[in-house]
Amino acid sequence: MPVASLDPLAASLFSLLAIASLLMAFVMLGSRWLKDYLWAFAVQSWLIAGLSAAVAYFGGFSELYVVAVITGLVRGLVLPYLLLRIVRRLKVAREVHEALQPSAALVIGALVAMFAFLVAHHIGARLHLNGTVAVLGLTVMLSMQLIGFLMLAIRHEALSQILALLVLENGIFLGAQILVPGMPLLIEMVILFDLLVVVISLGILVRYLLAHVGTTSTRDLNRLVG
Amino acid sequence: MASTLLVALFLAPLVAVLAIAATRDARAAEGLNLLASVLACAAALPLPWLSLHRTGPFWGGYVLLDPLGAWVLLCTALVYLLASIYAIGYMRLLGEDRRLHRFYALFAGFALTMLAAPVMNNVGVYWITIELTTLISAFLVGFERGRDSIEAAWKYTVIVSAGISLALLGTIVFYWAGSHVLGPSYEMTWAALRGAAPKLDGGLATLAFLLVLIGYGTKVGLAPMHTWLPDAHSEGPAPVSAMLSGALLNTAMLGIVRFIPVAEAARLGGLPRGALILLGVASLLVAALFIVRQEGVKRLMAYSSVEHMGVLALGFGFGGPLGVAGALYHMVNHSLNKSLMFFGAGLVMRGYGTKSMGAIRAVLRYQPTAGALWLGGAVAITGAPPFALFLSEVTILRAGWSGGRGWAVVAMALLLIVVFIGFMNHVRQMYFGDAGLPGPAPARLSAWCLVPMWLALAPVLVLGLWWPEGLWHYFAAVATQLGGGAP
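The model shown is predicted, which means the values in this text are computed figures rather than measured ones.

Let us now look at the overall build of chain A. A count of helices and strands for chain A gives 7 helices and 0 strands. C-alpha extents for chain A along the principal axes are approximately 55 × 35 × 30 Å. A buried classification covers 58% of the 226 residues belonging to chain A. Contacts in chain A between residues far apart in sequence, at least 24 positions, make up 78% of those at least 6 positions apart. For chain A, the accessible area works out to roughly 8900 Å², and carbon and sulfur atoms hold 70% of it. If you average the places of the 13 positive and of the 10 negative side-chain charges in chain A, the two averages end up 11 Å apart.

Now for the interface of chain A and chain B. Counting residues at the interface gives 49 residues for chain A and 48 residues for chain B. Taking the shortest distance from any N to any O, the salt bridge between B:Asp201 and A:Arg126 comes out at 3.3 Å. Run the count over chain A and chain B and you get 7 residue pairs in polar contact (both at pLDDT 80 or more). When residues in the side of chain A that touches chain B are grouped by element, the largest group, 16 residues, is from helix H7 (residues 185-213) of chain A. Counted by class, the side of chain A that touches chain B contains 36 nonpolar, 8 polar and 5 charged residues.

Residue and element names in this part refer to chain A. On the surface, Trp-39, Trp-46, Val-69, Leu-73, Leu-77 and Val-78 cluster together into a nonpolar patch covering about 600 Å² of accessible area. In terms of residues, the nonpolar patch owes the most to one element, helix H3 (residues 63-89), which gives 4 residues. We classify Val-78 as partly exposed; its relative accessible area is 35%.

In this section: helix H2 (residues 26-44) of chain B. All names here are of chain B. With 19 residues, H2 extends 27 Å between its outermost C-alpha atoms, agreeing within 8% with the 27 Å of an ideal straight helix rising 1.5 Å per residue. For H2, the set of buried residues is Ala-26, Ala-29, Glu-30, Asn-33, Leu-34, Ala-36, Ser-37, Ala-40, Cys-41, Ala-43 and Ala-44. Contacts from the buried residues of H2 go to helix H1 (2-23), helix H3 (47-51), helix H4 (67-93), helix H5 (100-116) and helix H19 (447-465). A distance of 3.3 Å separates the backbone nitrogen of Arg-27 from a side-chain oxygen at the start of H2, and that oxygen is part of Asp-25.

This paragraph deals with the pattern of salt bridges. Note that side chains of opposite charge can pair when their charged atoms are close. Residues and elements named next belong to chain B. In this structure the tally under the stated criterion is 11 salt bridges over all chains. With its nearest N and O atoms 3.3 Å apart, the salt bridge here joins Glu-96 to Arg-99. Of the residues examined, Arg-99 reaches a relative accessible area of 9% and is grouped as buried. Notably, a salt bridge pairs Glu-151 with Lys-155, separated by 2.9 Å at the nearest N-O pair. Placement of both Glu-151 and Lys-155 in helix H7 (residues 147-182) is noted, with a separation of 4 residues, approximately one turn of the helix. The residues Glu-151 and Lys-155 share a single accessibility class, namely buried. One continuous salt-bridge network, built from bridges that share partners, spans Arg-27, Glu-30, Arg-92 and Asp-97.

Looking at the secondary structure, you find B:Glu393 in helix H17 (residues 388-402). B:Lys338 provides the closest opposite charge to the buried, salt-bridge-free B:Glu393, at an N-O distance of 9.6 Å.

Attention now goes to the packing of helix H6 (residues 123-141) of chain B against helix H11 (residues 238-265) of chain B. Each pair of packed helices gets described by two things: the angle between the helix axes and the distance between those axes. Residues and elements named next belong to chain B. Contact geometry for H6 and H11: axes closest at 11 Å, N-to-C directions at 160°. Accordingly, the angle class assigned to the pair H6 and H11 is roughly antiparallel. In this structure, the crossing between H6 and H11 has a hand that is left-handed. Residues Val-123, Tyr-126, Ile-130, Thr-133, Ser-137, Leu-140 and Val-141 of H6 form the contact with H11, whose participating residues are Val-240, Leu-244, Leu-248, Thr-251, Ala-252, Leu-254, Gly-255 and Phe-259. When the residues that make up the contact of H6 with H11 are grouped by side-chain class, the tally is 11 nonpolar, 4 polar and no charged.

What follows deals with the state of the cysteines. Residue and element names in this part refer to chain B. Using the criterion set out here, one finds 0 disulfides over all chains in the structure. Of all cysteine sulfurs in the structure, the one in Cys-41 sits closest to Cys-75, which takes part in no disulfide; the separation is 11 Å. Residue classification places Cys-75 among the buried positions, given a relative accessible area of 0%. You can see Cys-449 has no disulfide; the closest cysteine sulfur is in Cys-41, sitting 19 Å from it. Overall, the relative accessible area of 2% leaves Cys-449 in the buried class.

All names here are of chain B. Counted at 1.5 Å a residue, the expected span for H1 with its 22 residues is 32 Å, and the 32 Å between its end C-alpha atoms agrees. Contacts from the buried residues of H1 go to H2, H3, H4 and H5. After H1 finishes, the residue Arg-24 shows a positive phi value of roughly 55°.

A few words on unusual backbone geometry. Residues and elements named next belong to chain B. Looking along the chain, the bond that leaves Ala-223 and enters Pro-224 is cis, with omega of 0°. Residue placement: Pro-224 occurs in the loop between helix H9 (202-220) and helix H10 (228-235). Cis geometry marks the peptide bond from Pro-385 to Pro-386; its omega dihedral reads 10°. Position of Pro-386 among the secondary structure elements: in the loop between helix H16 (368-381) and H17. Within the chain, Arg-145 stands out as a residue other than glycine whose phi angle is a positive 60°.

It is worth spelling out the confidence of the model for chain B at this point. Residues of chain B with pLDDT of at least 70 account for 97%, and the chain-wide mean is 92. Prediction confidence for the complex, expressed as pTM and ipTM, is 0.94 and 0.93 respectively.

Conventions adopted
Within each chain, residue numbers correspond to sequence positions counted from 1 in written order. Note on labels: chains are lettered from A, ligands numbered from 1, in written order. The model is predicted, so local features are restricted to residues of pLDDT at least 70 and side-chain atom pairs to those at 80 or more, both for listing and for counting; the totals for chains, interfaces and linings are taken over all residues. Side-chain descriptors were evaluated using all non-hydrogen atoms of the structure, hydrogens and water having been removed beforehand. For the purposes of this entry, the term helix denotes a DSSP run of H or I that reaches at least four residues, the term strand denotes a run of E that reaches at least two, and both are numbered from the N terminus. Working definition: with a 1.4 Å probe on protein chains only, accessible area under 20% of the residue-type maximum means buried, over 50% means exposed, and in between means partly exposed. We call two residues contacting when some pair of their heavy atoms lies within 4.5 Å. Computed with the Shrake-Rupley method and a 1.4 Å probe, the accessible areas treat only the protein chains shown as cover for residues. When charges are tallied, Lys and Arg are placed among the positive residues and Asp and Glu among the negative ones, while His and the ends of the chain are skipped. Note on charges: their place is set at NZ of Lys, CZ of Arg, CG of Asp or CD of Glu. What counts as a salt bridge is simple: a side-chain nitrogen of Lys or Arg found within 4 Å of a carboxyl oxygen of Asp or Glu. Any N or O atom pair separated by 3.5 Å or less is treated as a polar contact, with the protein-specific requirement of one donor-capable and one acceptor-capable atom, and with residues adjacent in sequence counted only for side-chain atom pairs. Polarity classes work like this: nonpolar for Ala, Val, Leu, Ile, Met, Phe, Trp, Tyr, Cys and Pro, charged for Asp, Glu, Lys and Arg, and polar for all others, with Gly in that last group. Exposure above 30% relative accessible area and the absence of a salt bridge qualify a residue for a patch, where like charges join within 9 Å and nonpolar side chains (Val, Leu, Ile, Met, Phe, Trp, Tyr) within 5 Å. Here a helix's expected span is defined as the number of its residues, less one, multiplied by 1.5 Å. What counts as an axis is a line fitted to C-alpha atoms, over the stretch in contact for a helix, and the angles between N-to-C directions run from 0 to 180 degrees. Angle categories: roughly parallel below 35 degrees, roughly antiparallel above 145, roughly perpendicular from 65 to 115, and oblique for all the rest. Helix crossings get a hand from a simple test, with the near helix turned counterclockwise from the far one by less than a right angle marking a left-handed crossing and a clockwise turn marking a right-handed one. To count as a disulfide, a pair of cysteine sulfur atoms needs to be within 2.5 Å. Confidence scores here are pLDDT values: one per residue, from the predictor, ranging 0 to 100.

Here you go:
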C-alpha cells in the first residue's frame, strides 16, 4: 500500500483506529480490576478488526476482509470468552500487589510511548515517510510492545500476564496491518491460530497453578532461584 | 528421494501422536513413540548428504532442505531417538502409568515441531513452529505436576512467549523494509529477504536484526535472556530435559544463524556478528558464575547448556569456514553429550531421591555402569580431551584468533577453564567425596536406561579421536551458504 498517496479520509480513519487501540492499552495499564482489563482487550481487538477492514477497503487488499472477520471472532469474542472463564474460576477479581500504582504505571506508559514515537520518527525520517500513517503505525506497534512488557513486569496475577502477552501480539498485528498489509494471508491466519493455542495452554497452566501451587499470583512463584 | 524422506520424517511422529491418542495405553505408547523416533532418525541420517545435491524447495515452496537445516535436523533426530529409548526405562520409574500415554503423545508432538522448524522456508512459519515447541514442551516440563515443575512451566511459557514476540516483531520489520524493495506483497522466505537485503535501509535493518537476535536469543537461552532455562531444564523429567537441551536450543539458534547473512548483506558491518559474540561471552560468563556455586544437579547441567550455547554463538559469530565448522561440530557433540548428562542426572536423582548435589556421594559404588558413563560424559562436557567437544572448542578458538577477535578468544578460553574447574569440583565431590552419608542400595538399572548412555558416549569419543574428512567438506558447504566472517 503506497502510504504516501493515501486518501486523507483513509489516513485519518487509520490514525483514529490505531490511536484508539493504543488508548485501550493505557486503559489496561490504568486499571486494577481483571474484568476491566478483559473489556479493554476485547474493545482493542474489535478496533483492530475494524482497522483490517478499513485497510482492505481503502488499500484494495480484499483478503484482509477475511482477516478482519476472523480477528473480530477470535480476538474479539473467543479469546475474551476463554479468559472470562479463567477469571470466574479464580477467586481474585483484582490485582492485589502491583509493583507500581496504576497512576505511576500510566506515567511510565506515556514515557514509553514517547520513546516509541522518537524511534518511529527517526526511522520515518530515514525513509522519507514522516507525516504519514506508517510512522503512526510503527509508533503504536512499538508502544504496545513496550507497554506489554511493562505490564508483564509490574503485574503479578496470572491473568494479567496472559493479557500482557496478548497486548504484545495485538500491537504486532496492528502494526502489520498498516505497514505490511500485503503480508501473506497464511501467516496472519496461523498467528491467530497460534494465539488461540497460547491462551488455551496458559489457561490449563492456570488451572494447574490453582490445583498444585494454590496461588495464581506469580509473586509466590519464588522457589526456583540460583 | 529427499522429499520422500521428509514426508517420512514428519509422518512418523504425527502418526505416533494420533495412534497414541487413539490407544491411550502406556505400553503401546512407549512402543509407538520409539518406532516413530527410529523411523525419524533413519530418515534424517541421509538428509545432510542429500541436501548437498538437491535442496528443493518442496511442497509449494514451504519446505527447504539446505545443508545447515539438514544438520540441525540430524542433531534433533538423534536426540529424539536417544531420549525415546531412555524414556521407556525412566518414565516407568515415576509410577504414572495412568497418564503416561499423554506424556508420549506430547513427546512425539514436541519432536514433530522441532523436526519441522529447521526445514521451514517461510520465516513466519518458522517462527510459529518455534512458538509451538514452547507450548508443547511447557506441558512436558510440568508433567510431574509438582509445585516446582508447574512454576517452571509457567515461567518458561510466559518468558519465552514474550521474548519470542520480539522475533516476530523483527521479522515483520524486515518484511516491511523489504517491501520498499520488492513491492508490497512477496513471499516471506529466507531467500527473498536475503535477495532484498542489499537495498534495505540500514537503520531499519539494524532495528529488525537486534529484535530478532533478542527474540530467538531468549529461546536459545543466551544470557541475559536465559532466566527461564535453568528452571525448565531442571524441573522436567530427564528425557524432556535432554530434548530441550540437546535439540530445542539448536533449532532456535538456527533462526539467528539464518538471519546473519541477511543482516550482513544489508551492509550492517560488524554489528550482527559483534552482537552475537557479545551475547556468547555474556552466556559463558553467567554460566561460569552459576556453575561454580551450583547446588542442584540438573541445574548444573542446565547452566552447562547456557555455556555451550554461548560457545555456539561464538562459533557462528566468528564465522568463516573454521568458525562454522567448529560450531556445527560442537552442535552435534553437545547434543549427544548433554543428552547423556541429563540421562545420568535423572538416574542419580531417582536413585538418591534428591536433586541436591550435597546429598549425592560415591556414585560409582551405587550405580557402577551408569556412574562410569556419566563420569565419562562429565569429562567430555567440560571440553577435556580426548572427547569431541575439545576438538570443536579448539577449532572455534582458532577461528576467533585468525579472525582478529583476540579479546573474545581470551575471554572464552578463561571462562571455559573456570567452568572446567567448577564443574569438575562438583563431580569430584559426587564421586569421591567423603561417603559418610548412607546411600541407597545399589540399583539395578534397566537396559532401556543404559543403552542410550552408551550410544551417546561412544560417538563423542570416536569423533574426538577422528574428525571425518567428509565432514570438513560438508561444513565448508554450509560456510559458503552463510558467507562472510573470518577467513
